[in-house]
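# Architecture at a glance
One-letter residues, chain by chain:
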Amino acid sequence: QEIEAAISAADANNPEELEAYRMEFISKKSVVGQLFGMMREIPNEEKKAFGQLVNGVKQAAEAKFQELIEKVNSGSKKSGRRGLDLTLPPGNQAMGSIHPLTATRRRIIEIFERIGFNLSEGPEIEDDWHNFTALNFPENHPAREMQDTFFIEKNPDIALRTHTSSVQVRVMENQKPPIRTLSPGRVYRNEAISARAHCIFHQVEGLYVDENVGFADLKNTLYHFAKEMFGKETKVRFRPSYFPFTEPSAEIDISCLICGGKGCNVCKGSGWVEIGGSGMVDPNVLENCGIDSKKYTGFAFGMGIERITMLKYQVNDLRLFTENDVRFLRQFSSLS
Ligand code: PHE
């Protein structure tokens, strides 16, 4: 009776306690095991009754053991721990991963840092001078109108910057040539959201000002970038264009890596995707920033990080970057 009371009072919450129970009530050396050992000393006429009693205790001990095994197992399933073994390697932690736009930005920076560009930044809330006037925008240029620009204040105008070219101005105002700088950042335009465009996106600006910088330097720098970013086979095309702050100006196109030229919603069947604008810095802009335009020349470019990421990873809808759908983001979990 004493042993049965001890059995029904026994408890176990982990494998160690389970083993202690087994030693105490189940094993040969346990109290129950010892009862069987006493059989020899019991007079023959009492053996049967004693045996029945001891068997009853043994069954109670085993039933309880099963109960405790189940309890410990279900507890370990719930808490996810099977005992505590400090020598085991840690299990997989559910970690977040690098966002594809971040990975692309880092790769762009790496490519340009290796050829001597440093990093610079400017504010996302800009004044009219840095976003427009210093960049040679005529007074009534359509880009100043409400449809393109998110204004915060009028007279004097304060707006969300529409491009990272504003950082060019800030760098040239504060540094003397030679200047080789890269300015990544977020920009804003009052545009309809589609598979190819968003009202918030990212650009990376490049600026190179020194003596004797020519258009060939611009082309070769961007050829080098395209090869490093997209691979040696990638085609680059410069298309004549216009920007108030560069002369001559050119749009930069990359052969469409999403459809391989077969035609898709991003290249609109043309086989080419525009990734940004570029050109020789207009002498007016150099002078506006206090740089002698007779001594120095420069080139500049501004590229869209979303577009570059779309080409690099064959993403055919730019909205995916900001929807935070884990089914999309998980596809980039190997990026670092
Ligand atoms: N700022 C221009 C744009 O956003 C791109 C550009 C940058 C063009 C530098 C020429 C030189 O469209």
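Only a predicted model underlies this, so the values are computations on that prediction, with no experimental measurement involved.

Those residues of helix H2 (residues 15-25) lying buried are Leu 18, Tyr 21 and Phe 25. Burial along H2 is one-sided: seen end-on, the buried residues are contained in an arc of 60°.

Let's shift gears to empty space enclosed by the protein. The full count for this structure, using the stated rule, is 1 cavity of 30 Å³ or more. What the largest cavity holds in volume is close to 40 Å³. Surrounding the largest cavity, Leu 101, His 198, Ile 200, Glu 306, Leu 318, Phe 321 and Thr 322 form its lining. Residue classes in the lining of the largest cavity are distributed as 4 nonpolar, 2 polar and 1 charged.

Moving on: the state of the cysteines. In the structure shown here, the tally under the stated rule is 0 disulfides. Cysteine Cys 264 shares no disulfide, and the gap to the nearest cysteine sulfur, in Cys 259, comes to 3.7 Å.

A word on the site of the ligand. Surveying the vicinity of the ligand reveals 14 residues, the closest of which are His 163, Ser 165, Arg 189, Gln 203 and Gly 302. Here a nitrogen atom of the ligand sits 2.9 Å away from a polar atom, N or O, in the side chain of Ser 165. Arg 189 has a polar side-chain atom sitting 2.8 Å from an oxygen atom of the ligand. Here the ligand has 330 Å² of accessible area as a free molecule, and 91% of this is covered by the chains. Under a 2 Å grid-point criterion requiring more than half of the atoms, the pocket assigned to the ligand is the largest pocket. Among the elements of the structure, helix H7 (165-174), strand E6 (200-210), strand E9 (272-281) and strand E10 (297-304) are those that each provide at least two residues to the shell around the ligand.

Analysis parameters
- Residues numbered from 1 in each chain as written.
- Predicted model: local features only at pLDDT ≥ 70, side-chain atom pairs only at ≥ 80, totals over all residues.
- Heavy atoms only, no water.
- Buried < 20%, exposed > 50% of the residue type's maximum accessible area, 1.4 Å probe, protein only.
- Helix = DSSP H or I, 4+ residues; strand = E, 2+ residues; numbered from the N terminus.
- Arc of directions from axis to C-beta.
- 1 Å grid on protein atoms, 1.4 Å probe; cavity = no way out; pocket = protein on both sides within 12 Å on 5 of 7 lines; lining within 4 Å.
- Points joined across faces, edges and corners; volume = space filled by probe spheres on them.
- Nonpolar A, V, L, I, M, F, W, Y, C, P; charged D, E, K, R; others polar.
- Disulfide = S-S within 2.5 Å.
- Near = heavy atom within 4 Å.
- Polar contact = N/O pair within 3.5 Å; in protein donor to acceptor, adjacent residues only side chain to side chain.
- Areas by Shrake-Rupley, 256 points an atom, 1.4 Å probe, with all protein chains shown as cover.
- Sits in = over half its atoms within 2 Å of the grid points.

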